[in-house]
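Each chain, written out:
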Amino acid sequence: QVQLVESGGGLVQAGGSLRLSCAASRIIVSINDMGWYRQAPGKQRELVARITSGGSTYYSEFVKGRFTISRDNAKNTVTLQMDSLKHEDTAVYYCRYTRVLGADYWGRGLQVTVSS
């Protein structure tokens, strides 16, 4: 069974940077979008950024200009560069792969904590 594994989370001071990566345990065919979501305590999971198979990107307003998403189709990996982090970016971050056919894949999530 395919697993998505996130890495790169942790504790950082406000204004700092973190780089999140997500990799699949094996090659997945027909991946459509790759994306990052987050869920803060007491809140619903929300989309942070996503990137299509063709490289088009979408960012939520609260991260636009600070975060950058990229992907490596050959390696089935997606990366989220997070700069100018704010306390309100504190959350558990999840990667998600959607497919043309078949179920989506989700990572287990990793904690990002930004101290103010």
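Located above this text is the structure these notes cover.
Basis of the calculations
Residues numbered from 1 in each chain as written. Predicted model: local features only at pLDDT ≥ 70, side-chain atom pairs only at ≥ 80, totals over all residues. Heavy atoms only, no water. Salt bridge = Lys/Arg side-chain N within 4 Å of Asp/Glu carboxyl O. Helix = DSSP H or I, 4+ residues; strand = E, 2+ residues; numbered from the N terminus. Buried < 20%, exposed > 50% of the residue type's maximum accessible area, 1.4 Å probe, protein only. Pairing = 2+ DSSP bridges. Axes fitted to C-alpha atoms, helices over the stretch in contact; angles between N-to-C directions.

Considering the pattern of salt bridges
Opposite charge on two side chains permits them to pair, given that their charged atoms come into close proximity. Inspection of the entire model under this criterion finds six salt bridges. In this structure, D89 engages R66 in a salt bridge whose closest nitrogen and oxygen atoms are separated by 2.7 Å. Pair noted here: D89 is in the loop between β8 (77-82) and β9 (91-99) and R66 is in the loop between β6 (57-59) and β7 (67-72), with a separation of 23 residues, a long-range link. A relative accessible area of 1% places D89 in the buried class.

A look at the environment of N73
Within the element layout of this structure, N73 appears in the loop between β7 and β8. Judged by relative accessible area, N73 falls into the partly exposed class, the value being 42%. Counting along the chain gives 46 residues from N73 to I27, while the straight-line C-alpha distance between them is 9.8 Å.

As for the environment of V12
Looking at where V12 falls in the secondary structure, it is placed in strand β2 (residues 10-13). We classify V12 as buried; its relative accessible area is 13%. Expressed as a C-alpha distance, the spacing of V12 and V114, which sit 102 residues apart in the sequence, is 5.0 Å.

Regarding the sheet that holds β8
On the basis of which strands lie adjacent, the open sheet formed by four strands has the order β1-β3-β8-β7 and antiparallel pairing. Each end of this open sheet is capped by a strand with a single partner; those strands are β1 (4-7) and β7. Direction aside, neighbouring strands of the sheet carry axes that sit 15° apart on average. Inspection of the sheet shows β7 paired to β8 by six bridges, in the antiparallel sense. Its bridge partner being in β8, T68 is matched across the sheet by Q81.

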